[in-house]
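Structural overview for review
Residues per chain, in single letters:
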Amino acid sequence: MWKFANKIRLSSPQMILSKKKSATSLTTNQRSFTTIEGHRPTILHKRSVDILHDPWFNKGTAFSMTERDRLDLRGLLPPNVMTYEQQIERFMADLTRLEVHARDGPSDTNALAKWRILNRLHDRNETMYYKVLIANIEEYAPIVYTPTVGLVCQNYCGLYRRPRGMYFSAADRGEMMSMVYNWPAEQVDMIVVTDGSRILGLGDLGVQGIGIAVGKLDIYVAAAGINPHRVLPVLIDVGTNNEKLLKDPLYLGLQEHRLDGEDYLEVIDEFMEAVFTRWPNVIVQFEDFQSKWAFKLLQRYRHNYRMFNDDVQGTAGVAIAGLLGAVRAQGRPMIDFPKQKIVVAGAGSAGIGVLNAARKTMARMLGNNKSAYESARSQFWVVDAKGLITEERDDIDPDAHPFARKTSEISRQGLREGASLAEVVRQVKPDVLLGLSAVGGLFSQEVLEALKCSTSTRPAIFAMSNPTKNAECTPEDAFSIVGDNIIFASGSPFKDVDLGNGRIGHCNQGNNMYLFPGIGLGTLLSGSQIISDGMVQAAAECLAAYMTEEEVVNGIIYPSVSRIRDITKEVAAAVMKESIEEDLAEGYRDMDARELKKLNQEEIKCFVKNNMWSPEYPTLVYKD
Ligand SMILES: NC(=O)C1=CN([C@@H]2O[C@H](COP(=O)(O)OP(=O)(O)OC[C@H]3O[C@@H](n4cnc5c(N)ncnc54)[C@H](O)[C@@H]3O)[C@@H](O)[C@H]2O)C=CC1
Ligand SMILES: CC(=O)C(=O)O
Ligand SMILES: [Mg+2]
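Computed from a predicted structure; not experimentally measured.

For the rest of this paragraph, the subject is the sheet that holds strand β5 (residues 307-309). Within the open sheet, the 5 strands sit side by side as β1-β3-β2-β4-β5. Their pairing is parallel. Every other strand in the sheet has two partners, leaving β1 (166-169) and β5 as the edge strands with one partner each. Neighbouring strand axes in the sheet, compared pairwise and without regard to direction, differ in orientation by 20° on average. Summarising the sheet, strand β4 (residues 283-286) and β5 pair through 3 bridges and their orientation is parallel. Across the sheet, valine 284 pairs through a bridge with methionine 307, a residue of β5. The strands that helix α15 (residues 261-278) touches are β1, β2 (190-194), β3 (231-237), β4 and β5; relative to β4, the one it contacts most, it runs at about 150°.

The next subject is the coordination of the magnesium ion (ligand 3). At the metal site, the magnesium ion (ligand 3) is ligated by Glu287 (OE), Asp288 (OD) and Asp311 (OD), and these contacts range over 2.0 Å. Sequence positions of the donors to the magnesium ion (ligand 3) reduce to the motif E-D-x22-D. With a gap of 24 residues between them, glutamate 287 in the loop between β4 and α16 (291-301) and aspartate 311 in helix α17 (residues 310-329) connect regions that are remote in the sequence. Since its relative accessible area comes to 1%, glutamate 287 is described here as buried. Classification of aspartate 311 by relative accessible area gives buried; the value is 5%.

A few words on the site of ligand 1. Residues in contact with ligand 1 amount to 26 residues; listed here are only the nearest, Arg198, Ser291, Ala347, Ser349 and Asn512. Taking 860 Å² as the accessible area of ligand 1 by itself, protein coverage stands at 84%. For the shell around ligand 1, the secondary structure elements donating two or more residues are α17, α18 (349-365) and β7 (380-384). Both domains that meet at the shell around ligand 1, namely domain 1 (141-305) and domain 2 (314-510), each give it at least three residues.

Turning our attention to the packing of α17 against α18. Contact geometry of α17 with α18 gives a least axis separation of 8 Å together with a crossing angle of 50°. By the criterion of interaxial angle, the relationship of α17 to α18 is oblique. As for how α17 packs across α18, the hand of that crossing is right-handed. Along the contact surface, α17 presents Asp311, Val312, Thr315, Ala316, Ala319, Ile320, Leu323 and Leu324, while α18 presents Ser349, Ala350, Gly353, Val354, Ala357, Ala358, Thr361 and Met365. The residue inventory of the contact of α17 with α18, partitioned by class, reads 11 nonpolar, 4 polar and 1 charged.

Looking at ligand 2, the residues that line it are Tyr145, Arg198, Leu200, Lys216, Glu287, Asp288, Asp310, Asp311, Asn466, Asn511 and Asn512. Between ligand 2 and aspartate 288, the relevant distance is 2.9 Å, taken from an oxygen atom to a side-chain nitrogen or oxygen of the residue. Between aspartate 311 and ligand 2, the recorded distance is 3.0 Å, taken from a side-chain N or O atom to an oxygen atom. When ligand 2 sits alone it has 220 Å² of accessible area, and the protein chains cover 91% of it. Within the shell around ligand 2, the residues separate by chemical class into 2 nonpolar, 3 polar and 6 charged.

Turning our eyes to something else, we now look at the UniProt feature "active site" (unreviewed entry) in the protein chain. This chain's UniProt record puts "active site" (unreviewed entry) on Tyr145 and Lys216. In three dimensions, the annotated residues from a span of 72 residues occupy one location, with a maximal C-alpha spread of 6.8 Å. Relative to the helices and strands, tyrosine 145 resides in the loop between α9 (137-144) and α10 (148-154). Judged by its relative accessible area of 2%, tyrosine 145 falls in the buried class. Discounting residues that sit within four places of it in the chain, tyrosine 145 has contacts with Gly215, Lys216, Ile219, Asn511, Asn512, Met513 and Phe516. Tracing the sequence through the fold places lysine 216 in helix α13 (residues 210-224). Each residue touching lysine 216, except ones within four places of it in the same chain, is listed here: Tyr145, Val192, Gln285, Glu287, Asp310, Asn512 and Phe516.

Here is what the cut-offs are and how they apply
- Residues numbered from 1 in each chain as written.
- Chains lettered and ligands numbered in written order.
- Predicted model: local features only at pLDDT ≥ 70, side-chain atom pairs only at ≥ 80, totals over all residues.
- Heavy atoms only, no water.
- Pairing = 2+ DSSP bridges.
- Helix = DSSP H or I, 4+ residues; strand = E, 2+ residues; numbered from the N terminus.
- Axes fitted to C-alpha atoms, helices over the stretch in contact; angles between N-to-C directions.
- Contact = heavy atoms within 4.5 Å.
- Donors = N, O, S within 2.8 Å, 3.2 Å for Na, K, Ca; no water.
- Buried < 20%, exposed > 50% of the residue type's maximum accessible area, 1.4 Å probe, protein only.
- Near = heavy atom within 4 Å.
- Areas by Shrake-Rupley, 256 points an atom, 1.4 Å probe, with all protein chains shown as cover.
- Domains from an automatic or database assignment.
- Parallel < 35°, antiparallel > 145°, perpendicular 65-115°, else oblique.
- Left-handed = near helix turned anticlockwise from the far one by under 90°.
- Nonpolar A, V, L, I, M, F, W, Y, C, P; charged D, E, K, R; others polar.
- Polar contact = N/O pair within 3.5 Å; in protein donor to acceptor, adjacent residues only side chain to side chain.
- UniProt positions renumbered as here; feature names shortened; annotations may be inferred.

Here's what the structure looks like:
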């Protein structure tokens, strides 16, 4: 029997299959052994990701729940268990969709093919992957990040190959504290977590949203030099309200409607407790949670955990830097910012985040008192799906309430509750038109024509929604309709516009990628246990100050992506400095809080630079 057992230990399901096929040539004894063997388990000497990375044993999404528990795989795979047939169907569907994907892609028709090639390299050789990414960041950030990452998430169930990251689902309640130990890394510095409820401007993509967490962490490694062995993408699967995914037999997530209320909070609470128990110094970035939860979760956790919400806080910081750049581009000092009239289209997590931060920045410039705060409010007009938001609206969202225009004000301005964006722009003649609506083409010809009457010498257009097809307008339309003199920024990259006669209309990328890596790195290296408003503000001010006078006058208000590692280092140093000044810094490794306090600005920058990971092959030695 032991002899048999030893034989079986070396057997794989594939080997058993081949023995079965040639059963006719075996003796009766051997034949009956083969039949029994077919039902016997294959004994493994591996656990967890080592199994998933071994093509001999890997079953991918077909591991049953009991196997996942037995082999420490729970959480390492999408929650939906697939049959062999479904796996093949998914694979074949993906193969045949290849051409459609290429056509459906953004301006680069090969974008998805490039993503696949890069992804395969990522699976094979991380060092080489990040070397390629860092050296060609301008070319490949649009592939691993917006816009292509949006397409990847939309098609994730077809593209899914090797799992990357962890999945915590509503079905894992009560198990997360142990599941978290299935992740192979002893130390995790950075988690990006999403519940997939609002991926870029593409809506609820459920479990497929994990792609955005992977993409953001790629930027963390490339821009901030966070060690890739210490990052963890996480998808919390609480179901989906996307009816198409609920009906799709090949969908990899839970096929039930999203949890809500206390049930939802219980899941997120349990996840937070689990990851901070295993890795007390981890930083958690919340990403692409629908607005309904984005603010609530931020308030719930920000005072007790090292976390921030990128869409609310990172976007706000990037927008503030761009808005200040736009003031400078008009040839005015930044202190004139409180005089800017700003129309914002979109009052979700991103729009409201920007509005709150812009109002605070103005108020600080005006004296930081109650009247300054009130006066700053009157510089904003907010338009959402129902038009201009005023206090006359019945079901006004509490987060948008502070920006609802008063009836007396709007009647003076010839406006009304629900006025269209074009009407608002026509009447207000704003300095800035900023879109975070997720509605592609919202800045229509009519809206852009209306902006021609802006009272600004240099109107600014921020079409910040992602991915490319959700941008509120293209730079071509903006420059050709409003004029050559405008400032233009978009969330996803566009090419500069040729204005003729050797002149260029600069297309800036206004994306939170310029801040979140530095916020994360600065927090990590300071050892701050929370991320304060001051730290985020310091990051924004650093980005604003990064651009030279000459660049800004030429309409360049954000750095090129090729400089992202340098700007991230500066942002991280600014975040660290602020955390030291606020007495939040508890130190990192050998650098304790007292030592940190002794560092001057240059020394902080040097400390940051020295702690950024770079892709180099280490010398490897074997130790039992
Ligand atoms: N560039 C960047 O760094 C960032 C860009 N974003 C983008 O911002 C967009 C919005 O994100 P969230 O605020 O989280 O989404 P959300 O879904 O919470 O909010 C969208 C808002 O747009 C409004 N809206 C819808 N149709 C409209 C219309 N026709 N006119 C005016 N407003 C309209 C909605 O009423 C809602 O207030 C997404 O496309 C996202 O990709 C988000 C974060 C960062
Ligand atoms: C850039 C980003 O975070 C978003 O579009 O949601
Ligand atoms: Mg986001």
